[in-house]
Amino acid sequence: MDLIVRNAQLRGREREADVGISAGRICSIEDRIREQADREIDAAGNLVTPTFVDPHTHLDRALVSGSVPPTSPKTPFRARDIAIERKRRYTHEDVVYRASQLVEWAVSHGTTVIRTHVDVDPGVGLLGLEAIMEVKEKYADLADIQTVVFPSAGLAQVPQAVNLCREAFRLGADVMGGVPHAEADDENRRRHIDIAFSLAHEFDADLDMHLDATLNPASRNLVYFARRAIECGFQGRVTAGHTCALSAYDDQFAAEVIDLLLEARMNVITVPTVDLMFQGSGVSRLRPRGITRVDQLLEAGVTVTYGQNNVLDPYSPIFGQADLLEVGMILAFAAQFNTPEEIEMLFDMPTKVSAAVLKVPDYGVRVGAKASLNILEAKTVQEAFRTRCTRLFVLKEGRVIAEGRTHKKIFRRGDAPPL
Ligand SMILES: [Zn+2]
């Protein structure tokens, strides 16, 4: 055995366990493994979980906030304009440098699988994607990165967009993305979705789109996307980010839409930080929270999880550190989660739910799975969220890829002073 993690608290198991690892995989989970290994780590009764999976971020946009003006007024349209302006100054090295930093932050917080949308449009061309593909290869030992073709300027009204997307798939992109709101009117938004499906079909790719990041109750992109998924036979291969307008529909219509999402086997990814920051910012009285109907989607059985989305970019110029415990805590406040059951569910999301959405193979704490594990400085998931605990050790396929702890010492009157 290469490594044994001893005295691990595993979710759903009463007694502490030893986890044995061989050739990158979990080979044994027992109360006490008698064998000795080359290396042993004492988890000391702390929680040992699979590593986190971030299903929605933007590596190419991250960490530009020192070089862009702050986002005011607080509308996503203003942020988009700033992002477009900053994008004109991208260089290959600049994108590689910023994305690398974000990957390292994510890894230090126990995330080893990342799905990133990457802008592909006539302005930036394939520069961003080429840089992210380099980062993907460079960090293959630390993280598995999936790339989503993100035609941020639109698909229906931008003549070169479709060919650029084709080029992106030839470069190795994994998933077809989209943002119908980039188009001028509803007819072109539907065309945007249609074109995305035809590209997904052409390259046998799943779809993951930004939909209805607005509280306008007339916005219907999610509905059209779900209907087309069913018509095109893409059930279970479709993911929708944001879906804020669902919370603006009346209850009757929202229930019908949720039924449609179930039929399409749609995954929903909420990005609570940016939706809280922007949605409803012009409303003075009873300002809405802006996130989608998380509790009702879950109750109906729709797959829901959350992602970081923005870190120090025009949409989040101050906040973000690629820490899914932090995003989860913010979602708990936005979605009003505070029962033990809800917090367990909140922990399932960036682990097994996101792993299922991203179709991560051999995932979990079980014999035979890849030994990609977090040893948390917390005994329970509630403590993990409450303290945004230290990730004491992060393992990817049996190898320690991050370790460390932070310590504070308190000095009472009369104690020996610090040196
Ligand atoms: Zn996004």
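Residues numbered from 1 in each chain as written. Predicted model: local features only at pLDDT ≥ 70, side-chain atom pairs only at ≥ 80, totals over all residues. Heavy atoms only, no water.

1. Looking at the packing of helix α5 (residues 186-202) against helix α6 (residues 221-231)
- As a packed pair, α5 and α6 sit with axes 10 Å apart at the nearest point and diverge in direction by 35°. Judged by the twist between their axes, the crossing of α5 over α6 is right-handed. Note on element contacts: α6 touches α5 through N221, Y224, F225, R228 and A229, opposite R189, R190, I193, D194 and F197.
- Taken together, the residues of the contact of α5 with α6 sort by class into five nonpolar, one polar and four charged. (Axes fitted to C-alpha atoms, helices over the stretch in contact; angles between N-to-C directions. Helix = DSSP H or I, 4+ residues; strand = E, 2+ residues; numbered from the N terminus. Left-handed = near helix turned anticlockwise from the far one by under 90°. Contact = heavy atoms within 4.5 Å. Nonpolar A, V, L, I, M, F, W, Y, C, P; charged D, E, K, R; others polar.)

2. Quick look at the coordination of the zinc ion
- Taken together, H56 (NE2), H58 (NE2), H210 (NE2) and N309 (OD1) make up the full set of protein donors to the zinc ion, lying 2.1 to 2.3 Å away.
- Its four donor atoms give the zinc ion angles of 84 to 173° at the centre, a pattern that matches the irregular case.
- For the zinc ion, the donor residues sit on a single chain with the sequence spacing H-x1-H-x151-H-x98-N. Across the pair, exposure class does not vary: H56 and H58 are buried alike. (Donors = N, O, S within 2.8 Å, 3.2 Å for Na, K, Ca; no water. Tetrahedral: all angles 85-135°; square planar, octahedral: opposite > 155°, others 65-115°. Buried < 20%, exposed > 50% of the residue type's maximum accessible area, 1.4 Å probe, protein only.)

3. Side note on the sheet that holds strand β5 (residues 48-50)
- Spatial strand order, β5-β14-β15-β16: four strands in an open sheet with antiparallel pairing. Edge strands, defined here as strands with exactly one partner in the open sheet, are β5 and β16 (399-403). Each neighbouring strand pair of the sheet contributes to a mean axis angle of 25°, computed without reference to strand direction.
- Relative to strand β14 (residues 373-376), β5 runs antiparallel, the two sharing three bridges. Within the sheet, the bridge partner assigned to T49 lies in β14 and is N374. (Pairing = 2+ DSSP bridges.)

4. Some thoughts on a negative patch on the surface
- A cluster of acidic residues, D250, E256, D259 and E263, forms a negative patch at the surface.
- Examined against the element boundaries, E256 turns out to sit in helix α7 (residues 251-264).
- According to the relative accessible area criterion, E256 is partly exposed, its value standing at 43%. (Patch = residues over 30% accessible without salt bridge, like charges linked within 9 Å, V, L, I, M, F, W, Y side chains within 5 Å. Areas by Shrake-Rupley, 256 points an atom, 1.4 Å probe, with all protein chains shown as cover. Salt bridge = Lys/Arg side-chain N within 4 Å of Asp/Glu carboxyl O. Lys, Arg positive; Asp, Glu negative; His and termini not counted. Charge placed at Lys NZ, Arg CZ, Asp CG, Glu CD.)

5. Re the sheet that holds strand β1 (residues 3-8)
- Taken in spatial order, the four strands make up an open sheet running β3-β2-β1-β4, and their pairing is mixed. Because the sheet does not close on itself, it has two edges, and the strands there are β3 (25-30) and β4 (39-42). The mean inter-strand angle of the sheet, taken between neighbouring strand axes irrespective of direction, is 20°.
- Relative to β3, strand β2 (residues 17-22) runs antiparallel, the two being bridged by five bridges. When the sheet's bridge partners are listed, V19 is paired in β3 with I29.

6. Things to note about the pattern of salt bridges
- The final tally for this structure, using the stated rule, is 31 salt bridges.
- Here D141 and R399 are joined by a salt bridge, their closest N and O atoms 3.3 Å apart. Taken as a pair, D141 in the loop between α3 (127-138) and β8 (144-150) and R399 in strand β16 lie far apart in primary sequence, 258 residues in all.
- What makes R399 partly exposed here is its relative accessible area of 43%.
- Across the salt bridge formed by D186 and R189, the nearest N and O atoms sit 2.9 Å from each other. Residue D186 and its partner R189 are both found in helix α5; the two are separated by three residues, about one turn of the helix.
- Residue classification places R189 among the buried positions, given a relative accessible area of 17%.
- Salt bridges linked by common partners bring R6, D18, R32 and E40 together as one network.

The analysis is restricted to geometry; functional conclusions fall outside its scope.
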